[in-house]
There are 4 protein chains.
Amino acid sequence: MIDSEYNLSSLFIIPLSSKYKNMQKIKLGMMGGGIGAFIGDAHRRASRICNDYQLVGGVFDIDFERGKEFAQQQDLDVNRCYATLDSFIEAETALPKTERIEAVSIVTPNMLHYEFASKLLKAGFHVICEKPMTFTIDEALELQKVVKESNLSFALTHTYTGYPMVRQMKEIVKSGALGKIQRVDAQYYQGWINSIIHGTDSRITGIWRLDPKVVGVSSCMGDIGVHAFNLVEFTTGLQIEKVLSDLNSVNDDIQLDLDGTVLLRFPDKVNGVIRSSQVAAGEENNLSIAIYGSKASLKWSQEEPNFLYLLSDSEPTKIYKPAHAYNSQFAEASHVMPSGHPEGIYEALGNIYKGTAKAIRGEEVFEGEFPTVEEGVRGMKFIHKVVESHKEGNIWKEL
Amino acid sequence: MIDSEYNLSSLFIIPLSSKYKNMQKIKLGMMGGGIGAFIGDAHRRASRICNDYQLVGGVFDIDFERGKEFAQQQDLDVNRCYATLDSFIEAETALPKTERIEAVSIVTPNMLHYEFASKLLKAGFHVICEKPMTFTIDEALELQKVVKESNLSFALTHTYTGYPMVRQMKEIVKSGALGKIQRVDAQYYQGWINSIIHGTDSRITGIWRLDPKVVGVSSCMGDIGVHAFNLVEFTTGLQIEKVLSDLNSVNDDIQLDLDGTVLLRFPDKVNGVIRSSQVAAGEENNLSIAIYGSKASLKWSQEEPNFLYLLSDSEPTKIYKPAHAYNSQFAEASHVMPSGHPEGIYEALGNIYKGTAKAIRGEEVFEGEFPTVEEGVRGMKFIHKVVESHKEGNIWKEL
Amino acid sequence: MIDSEYNLSSLFIIPLSSKYKNMQKIKLGMMGGGIGAFIGDAHRRASRICNDYQLVGGVFDIDFERGKEFAQQQDLDVNRCYATLDSFIEAETALPKTERIEAVSIVTPNMLHYEFASKLLKAGFHVICEKPMTFTIDEALELQKVVKESNLSFALTHTYTGYPMVRQMKEIVKSGALGKIQRVDAQYYQGWINSIIHGTDSRITGIWRLDPKVVGVSSCMGDIGVHAFNLVEFTTGLQIEKVLSDLNSVNDDIQLDLDGTVLLRFPDKVNGVIRSSQVAAGEENNLSIAIYGSKASLKWSQEEPNFLYLLSDSEPTKIYKPAHAYNSQFAEASHVMPSGHPEGIYEALGNIYKGTAKAIRGEEVFEGEFPTVEEGVRGMKFIHKVVESHKEGNIWKEL
Amino acid sequence: MIDSEYNLSSLFIIPLSSKYKNMQKIKLGMMGGGIGAFIGDAHRRASRICNDYQLVGGVFDIDFERGKEFAQQQDLDVNRCYATLDSFIEAETALPKTERIEAVSIVTPNMLHYEFASKLLKAGFHVICEKPMTFTIDEALELQKVVKESNLSFALTHTYTGYPMVRQMKEIVKSGALGKIQRVDAQYYQGWINSIIHGTDSRITGIWRLDPKVVGVSSCMGDIGVHAFNLVEFTTGLQIEKVLSDLNSVNDDIQLDLDGTVLLRFPDKVNGVIRSSQVAAGEENNLSIAIYGSKASLKWSQEEPNFLYLLSDSEPTKIYKPAHAYNSQFAEASHVMPSGHPEGIYEALGNIYKGTAKAIRGEEVFEGEFPTVEEGVRGMKFIHKVVESHKEGNIWKEL
């Protein structure tokens, strides 16, 4: 019923096998992320998109009964739903190697990250951890040691580094096409905290978002500014030397920063700025970056993630998009669909899960294919030094 | 370790449980979609994103050995990989109800859709079928009967109707906010066939794309024009009465249309146009639609799917985006992330899989939550009448 | 007071003298364009922007008293304000050569263009005429003869051809960079007639816009579709061979087309389409064009006139903008400001006035620096053949 | 020849007389702006666009012969071309009132602004002056006194405040629609100095741009940062209390700032930032501003000047454009063409010339219709305090 000159199995536009040859799935556990948890759901979707993991169990909720209810909803074996981290570790490590959970996603509130990550690594589990990595710089440095000693994979989900065009940015900079970097300008603007501080929000629980005991020393810089910081260091390959910040709590009865600007100094006369706000009314998730070099520049914006702009003084601006042979291998490995089919935030997170899976299996990974504990340490330093700079009168702080 | 006034399990920004409460997974089979198959992979990802399905087996390849290799790659039970449709049906229907595959995705080339869908429905399987639905109008009408008699769910993957902002378009039109529709203008431009007809493509096998025995009476209109047609009828809620087309094979040695324009007549003095090309160099997947009403208009474009524009003569243009309370329930049910986090094409297809799952389970679905066999019949009429109009000298043909 | 090493007169960023060395001004007359006239004002501004003309007199209004009032408002010598065309010609030709008006802008309603232009040319005046050039094809052909015999300059103000990036389009196509043209798609959408047909307009007089005795055989195609047509032939350098149209008067009590689609056939298997509407609610002045070639494509849109997109299947999309050395001489001569300083519609019209002035002075002009009577003839053929095609049942008409 | 029911003189779409009823022209002089001068040409175009002025004479060049050559090119009376400011003042004030120049545009390099403006005002001429207004704060304060005592009009050409949508911004903020302002973020990025510092520029004379003796204490902040500053205070109606800056000369052998970030503090816990660079490779003239309020926000960008975005947390983003009844009177008075016909930078400068003409004639002007000497004083304070902040170790300086 089909002409013999074609082979039915070859009747497809793009030979994609290299992109998604799947292997036996990594057994995945999860800390937090139970009923109603936004970020846990995102991690699970990402793990399913890349198809390298099988969710098996975890500690989904501080309330064990709700945790088990969630496990049932997810069609999981309720026996793999545990009441506490310790019982999880004890039970899972007691299982035969082929059955037990190998990697664990930590999607609890910030103040639990350090404890959970450390214990899991020490017990032999690979870890995928939400950011910010820890509560303090000391915890971050301690965790860095734990990771090193463990010989296990540790990934921090700075999700935006999973976008193909962010990876293309990194590769273009690395290629030298920009010449010497002269200026870096990043922003992360959101508006949703307005509804909390101006009392128009029906979600009373939102207020924990502004409690230092839960989120740490910073709201805006800790939650989103640090993403901009990570994006700057990820794409430029440069390290920020010092920061000077001006933060704003906006309302007198708020203890944390909701808004701020951070001056950046890199080595070799390169300056930059990070601007961030959670009260920029009407902004949704406007993370943007511009890297200005002596020869050319790059601009990218998260809400239109598949468009990367290369500017120069002498040539027409160029728009890079995914799924083209002109992109680097790293960018191309981060997109599956043919060009013009938008992939989004879940696929970006999926790419980080994919990179981590490759590392767990001992395969070769691209530089930057998943954020490491080192990036977590840098991020914690950024958050704390930015807060100190402001508190001490807007002075320079070494990073 | 956490302040008692908060409940750890509530520490999340958005109560999402209503959006993704999962239930026991539907056992899914697949026809086609084996090693290297682009569209099969997309369907599997979609089924994993919505998390309502579990891929169990299928006939993945015309070459049984390659099919089994694929099953292994996918970590599937190789015994559920079958050599033929008939053996699939025989074996699966022999299994106990709780074990057997309930729904089957058909992602084979076009000329197999009708046979596979009919047989599967008659054997009691729900079907999710790639478009175009069949090879001929007669097959489409026949399949429509089979679906009706089956009392089973049949979904046709006009993927673009799964985007939240396309659904919002439909709802805005339904609300009457546009007044009387006065004109409809849709386009679907791609450029990738250039590489085949101008010999710059290394993928020799691409030429099957232009063989009537494989793809049917039309290339451009059958592959992509029909998506634009579906989008027009989906969003406006109107039915096109007649079409007049001018098609172009561009190169003398090509038998099928690679490019064309279709004049549309709706009832009540409403005109429109569909423009489509596969040789629009540099276009990626530029499916766009504009609906012009007496009071207001709507514009949407697939490559920036999360932006919907409402224009009027007297007010500022408004940009609708997902994850806002101002959207309809249908649109909001079709997006998970908070605003400003782009979801893409996989999530759109996932929404169609989700709608189909709801129907399979007997839950209430939104009007338009998945494309039906009726839409498939309309699409087949469109393709064939457009080709006839051109061949008969660019004359009007009733649809 | 200034360092001697600099010459004060050279302290400016761009040596622009070549762009705007002015010469003695051409004495300009005007037919129509008196008090309250939108288009007359635009022509006067354009003539002042390029600075090659001095408005001296004219027949500004059918009401002589209002005409004189207007002359006074404009600070003109009231003796050069005439009651009729004939008295204008008689008096001005009686003046010494150095004093008399040399060129005349015709900005009256359409039905007067032919008579005024012919008489003026025969009397020795250069003419700048609004479009559409005449009422009928015969008038257009007759006028073409008059122009040829006159040895004078005749310019038709298809304003959009004055934009630098439209000129750059023409030059890129000419350079062969697109390969063989495969498809052309132009649109011109406006919404303002809605306010007339739906009775929401306070300007009762607007209804003349829809009277065939005033505007001729067509509203939408005659007023704006013809601009799209002109843009297609201007930029591609191709001539349309035949057209098939479907027009729509939208409301039963309207005699003229308010909306329509025109299928285009060029030689050598090149097809295209022009879409135009005056009832596309919320559209302002959305004239856009896409030219698709075998190697690359170009896209431009009037509402963002300083952005020209070059697309190809294998390279990043490029954005051309004015004031760059990468542009053609013709484009660069059509923009004065440094890059990033938007020039607009008045400057585009000024460029056409500038080109006409160069021709009047006998200087060399770029091909296409002002639209000619030949373009006017083509435009009239387009309008009439499009109307005939529709009336005769949507059939092909040779152009 | 035209149907009697219409009045020919009324056959035009928009009754525009109120917008451009012209009166007797103001006689205009010019200081600087001779052969090859970019900015002088821009001022002359602006004066012709608004049509309220007639250029009569001036001191066009430090080289008297070149000045006279220029006067001839411009078709001016060479006797009104003077060698020096003093001879200009002496001769013009000796003329009868009806003949003499009434207003003078100063388009010389910065260091001459103060002397020229003061002398001209004292001699009874209205003044239109390029920015930055003076060389020092003291000069600025002195000039402010001179203006006050003169009872004459003084306009500073912060051109960008002439755009209709910038004026609309100001009016929306004034209306209270944003609620309390919470954050302001402005940027002005250009890249053209790259060509000078990296030696790729053929224009050797460009180097004066970086000489403190010619341009004053700052390059980037003085030339463009001050425009961003002016735009911030113009649109918000707020005054910046203090600034903290980090500037960068980029290359070791450059004495002035080419790049910098300025932290802003307004009263009442409102913070902001101005970012500016002349070495942002590939940026053309990217002046942008965002004003974030408790209820809504506004965003505007100079390279697409006819689009103004109003964002809010709860409603779709709205795009304001010129020529709509929904705009304020001030915005609508600043645009002539119907909607969708882009006006640009020359028209913006023309609007400032228009506002100044209205003031010269004693007509009522909108608040902000032209920038005043007070804005000039603010600008000089900004430039100097920003430079001091940086030099003194990035500390806060009161403005």
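Bear in mind that the values here come from a model prediction, so they are computed numbers and not experimental data. Throughout, a residue's number is its position along its own chain's written sequence, starting from 1. Labels follow written order: the first chain is A, the first ligand is 1, and so on. Reporting of local features is limited, given that this is a predicted model, to residues whose pLDDT is at least 70; pairs of side-chain atoms are given and counted only at 80 or more, and all residues count toward the totals for whole chains, interfaces and linings.

**A word on the sheet that holds strand β1 (residues 26-31) of chain C**
All names here are of chain C. When DSSP finds two or more bridges between two strands, those strands count as paired. For the purposes of this entry, the term helix denotes a DSSP run of H or I that reaches at least four residues, the term strand denotes a run of E that reaches at least two, and both are numbered from the N terminus. In spatial order, the strands read β2-β1-β3-β4-β5; together these five strands make up an open sheet with parallel pairing. Of all the strands in the sheet, the pair left with one neighbour each is β2 (53-59) and β5 (154-156). Taken over all neighbouring pairs, the strand axes of this sheet differ in orientation by 20° on average, direction set aside. Taken together, the six bridges between β1 and β2 define a ladder with parallel strand orientation. Paired with methionine 31 across the bridge in β2 is valine 59. Here an axis means a line fitted to C-alpha atoms, over the contact stretch when the element is a helix, while the angle between two N-to-C directions is reported on a 0 to 180 degree scale.

**Some details on the interface of chain D and chain B**
Chain D puts nine residues into the contact, and the matching count from chain B is nine residues. A per-class count over the side of chain D that touches chain B returns five nonpolar, two polar and two charged. The sheet contact formed by strand β13 (residues 317-320) of chain B and strand β13 (residues 317-320) of chain D spans three bridges and is antiparallel. Bridging across to β13 of chain D, lysine 318 of chain B finds its partner in lysine 318 of chain D. Any residue pair is listed as a contact if its two C-beta atoms, each placed from the backbone, are within 7 Å. Each residue receives one of three labels: charged for Asp, Glu, Lys and Arg, nonpolar for Ala, Val, Leu, Ile, Met, Phe, Trp, Tyr, Cys and Pro, and polar for the others, Gly being one of them.

**Observations regarding the nonpolar core**
We define the nonpolar core as any set of buried residues of the types Ala, Val, Leu, Ile, Met, Phe, Trp, Tyr and Cys, connected via C-beta atoms lying within 7 Å of each other. Partly exposed residues are those falling between the two cut-offs: more than 12 but fewer than 20 other C-beta atoms within 10 Å of their own, whereas 20 or more means buried and 12 or fewer means exposed, with C-beta atoms placed from the backbone. Membership of the largest hydrophobic core comes to 476 residues, with the highest contact counts inside it found for Val127 of chain A, Val127 of chain B, Val127 of chain C together with Val127 of chain D. If we skip the residues at most four places from it in the chain, valine 127 of chain C touches Val104, Ile106, Ala117, Leu120, Leu121 and Phe154 of chain C.

**Some words on the domain arrangement of chain A**
Residues and elements named next belong to chain A. For chain A, the domain assignment lists domain 1 (17-160) and domain 2 (163-331 + 373-398). Residue ranges for the domains originate in an automatic or database domain assignment. Put simply, the middle of domain 1 and the middle of domain 2, counted by C-alpha atoms, are 27 Å apart. Taken together, the contacts link 18 residues of domain 1 with 22 residues of domain 2. Residue assignment for the side of domain 1 that touches domain 2 shows that the elements contributing at least two residues are α6 (137-150) and β5 (154-156). Counting residues per element, the side of domain 1 that touches domain 2 draws most heavily on α6, at six residues. The residue makeup of the side of domain 1 that touches domain 2, split by class, is 13 nonpolar, four polar and one charged.

**Some details on the relation of the copies chain D and chain B**
Least-squares fitting of chain D to chain B yields an RMSD of 0.0 Å, with the superposition described by an axial translation of 0.0 Å and a rotation of 180°. Interpreted geometrically, this transformation is the action of a two-fold axis. Residues of chain D ranked by C-alpha distance from the rotation axis are headed by lysine 318 of chain D, positioned 2.3 Å from it. A high fraction, 100%, of the interface residues of chain D reappear at the interface in chain B, so the copies pair face to face through one surface. Superposition of the copies used a least-squares fit over C-alpha atoms from residues whose pLDDT is at least 70 in both.

**Section: the sheet that holds strand β1 (residues 26-31) of chain B**
All names here are of chain B. Strand order in the open sheet formed by five strands is β2-β1-β3-β4-β5, and the pairing between neighbours is parallel. The strands lining the two open edges of the sheet, one partner per strand, are β2 (53-59) and β5 (154-156). Pairs of neighbouring strands in the sheet enclose a mean axial angle of 20°, with direction left out of account. By the bridge criterion, four bridges tie β1 to strand β3 (residues 103-106) in an arrangement that is parallel. Within β3, the residue paired with methionine 31 across the bridge is isoleucine 106.

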